[in-house]
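Remarks on the overall topology
Residue strings, one per chain:
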Amino acid sequence: MLRNPSDDELLALKGRRMPLVELLTCFNTRFRNDQAILVIEQRLKELGLATLPYFATCGSQSEIHIVAQESAAAEQGDTAEEEQEDEAGLLPGALPTQPFRIGDLPCAHAGVDSITPASDLTEATYIMHTKNYSQVPVLEDRYTVSGVVTWRSVAKMYATGANAALANAIVEDPPVAHAHDDFFAMLPNVCEHGYVLVRAHNGRISGIVTAADITQRFDATAWPFFVIGEIEFRLRKCLGAKLDEDAIRAVQANDRKTGKIADLMFGQYVMLLDGDQRTRQGNRREALCTAADQNWQTLGWTGVNRVQFVHQLDRVRDIRNQIAHFRPEPLAPQRSEELRQFVMLLRQLT
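I will try to describe carefully the structure that is included in this document. Here the residue index of a chain counts from 1 through its sequence in written order. A pLDDT threshold of at least 70 governs which residues receive local features in this predicted model, and a stricter bar of 80 or more applies before side-chain atom pairs are shown or counted, although totals over entire chains, interfaces and linings include all residues. Water and hydrogen atoms play no part in the side-chain values, which are based on all heavy atoms of the structure.

Section: the pattern of salt bridges
Any Lys or Arg side-chain nitrogen found within 4 Å of a carboxyl oxygen on Asp or Glu counts as a salt bridge. Scanning all chains against the criterion turns up 18 salt bridges. For arginine 43, the salt bridge is made with glutamate 46, and the minimal N-O distance between the two is 2.8 Å. A residue pair is termed a helical-turn pair when its members lie 3 or 4 positions apart in one helix, as arginine 43 and glutamate 46 do in helix H3 (residues 34–46) at three residues. Take arginine 43: its relative accessible area is 8%, and that puts it in the buried class. For the exposure calls, accessible area comes from a 1.4 Å probe over protein chains only, and a residue counts as buried if that area is under 20% of its type's maximum, exposed if over 50%, partly exposed in between. For glutamate 46, a relative accessible area of 48% puts it in the partly exposed group. Among the salt bridges present, the one from aspartate 113 reaches lysine 131, with a minimum N-O distance of 3.2 Å. Placement of aspartate 113 in the loop between helix H5 (80–83) and helix H6 (121–131) and of lysine 131 in helix H6 is noted, with a sequence separation of 18 residues between them. A relative accessible area of 29% means that aspartate 113 is categorised as partly exposed. By relative accessible area, which is 43% here, lysine 131 ends up partly exposed. Elements are defined by DSSP. Helices are runs of H or I of four residues or more, strands are runs of E of two residues or more, and each kind is numbered from the N terminus.

Put into structure tokens, the structure is as follows:
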């Protein structure tokens, strides 16, 4: 549950440089989901504070500097090039910059139903029947693993004519991963056994990761990657076919004015079309707005509401930044639906 630190506690951070995770810990969270970002940003704003780089989009391993809001605005500047910092330094085609740990899966620390070595075999099969499990760990305590009972081991017990007893149905030396182990390095164990037990940093068995969990996680995490890729492809296709190189150079940084649509960062797609672009102080960027008006007319999308399109495009930019950092928490259902709606619109336009 999110914590609301006191004013004094937050003001004491002013001027400090710290790992991002330290700021998140102040609010009792590890993740930068929509709710956490809203609460942290509001509290900092109330006290006239900001972070450099912006805490919501910087890398998870980044060091941040807690500064006064005026200092942040001065350092980030008012130029179009500097406004592109909301891309969090992500160039087109950027890949995740941090390892994905087995402990990043929610099921790895969600607890585990288990039995003890003194339990009856029917206790294990009852749990598997009623909860639709394929295995149940046998734990002497929360730290010591005696084995695992699986439907396969139960079938083997009966096939070999052994007595129907827990000791004869236990699989000894089951796969156990530590929460900090690399997720992808553990996939062979999950494929071979169908599961791995997870040991937390304090040594306790904190959860179990199954093949079903991997499938669910892939759907929740990999699907947005592919959709964002399709969105970028279709944006480049429809914008690149209509807008000339001068229009594209107008939104590129001074040292990267290639005029090529493939060299744009996602925030620059927004700049190409947004008719109400403003500085951080709220001043209208007349030159960019005028160019964006012309760009929209050039596209000729008379049946599309421009304000809504630009708003959705900017929302997709924000989602892309979250996805590109490969944050442990899955994308919220509302944001997944936003991606579905926008990619469907682009498919119609292209």
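Some remarks on the packing of aromatic side chains
To pair, rings of Phe, Tyr and Trp, with the six-membered ring standing in for Trp, must have centres within 6.5 Å; the planes then decide the type, stacked if under 30 degrees apart, edge-to-face if over 60, and tilted in the middle. According to the stated counting rule, one finds seven aromatic pairs in the structure shown. Ring geometry for tyrosine 54 and phenylalanine 55: centres 5.3 Å apart, planes at 65 degrees, overall edge-to-face. Using a relative accessible area of 32% as the deciding quantity, one classes tyrosine 54 as partly exposed. When its relative accessible area of 2% is taken as the criterion, phenylalanine 55 is described as buried. On the basis of an interplanar angle of 80 degrees and a centroid distance of 5.3 Å, the ring pair of phenylalanine 266 and tyrosine 269 is categorised as edge-to-face.

Structural notes on the sheet that holds strand S5 (residues 145–150)
Two strands make a pair as long as DSSP finds a minimum of two bridges between them. With antiparallel pairing, the three strands of this open sheet are ordered in space as S4-S5-S6. Both outer strands of the open sheet, strand S4 (135–139) and strand S6 (170–171), are each paired with one neighbouring strand and no more. Pairing analysis gives two bridges linking S5 to S6, with the strands arranged antiparallel. From the neighbouring strand, valine 148 faces S6, where its bridge partner is valine 171. Two residues qualify as a contact provided that any one of their heavy atoms is within 4.5 Å of a heavy atom in the partner residue. Here the axes come from fitting lines to C-alpha atoms, over the contacting stretch only for helices, and the angles between their N-to-C directions go from 0 to 180 degrees. Sitting on the sheet, helix H7 (residues 151–159) touches S5 and S6, and the angle it makes with S5 is about 75 degrees.

Section: the nonpolar core
By nonpolar core is meant a set of buried Ala, Val, Leu, Ile, Met, Phe, Trp, Tyr and Cys residues that side-chain atoms within 4.5 Å join together. Grouped together as the largest cluster of nonpolar side chains are 35 residues, with contacts concentrated most on Ile231, Leu239, Leu273, Phe309, Leu313 and Leu339. Residue contacts for phenylalanine 309: discarding those within four places in its chain leaves Leu273, Trp296, Trp301, Val304, Phe342, Leu345, Leu346 and Leu349. Core analysis: the next-biggest nonpolar cluster, separate from the first, contains 17 residues, Leu13, Leu24, Leu44 and Phe55 among them.

Some remarks on the side chain of histidine 65
Here histidine 65 lies in strand S3 (residues 63–68). Any N or O atom pair separated by 3.5 Å or less is treated as a polar contact, with the protein-specific requirement of one donor-capable and one acceptor-capable atom, and with residues adjacent in sequence counted only for side-chain atom pairs. In this structure the side chain of histidine 65 is engaged in a polar contact, spanning 3.3 Å, whose partner is the backbone oxygen of glycine 15. Excluding anything up to four places from it in sequence, histidine 65 contacts Gly15, Arg16, Arg17, Ala50, Thr51 and Leu52.

Nothing here speaks to function; it is all geometry.
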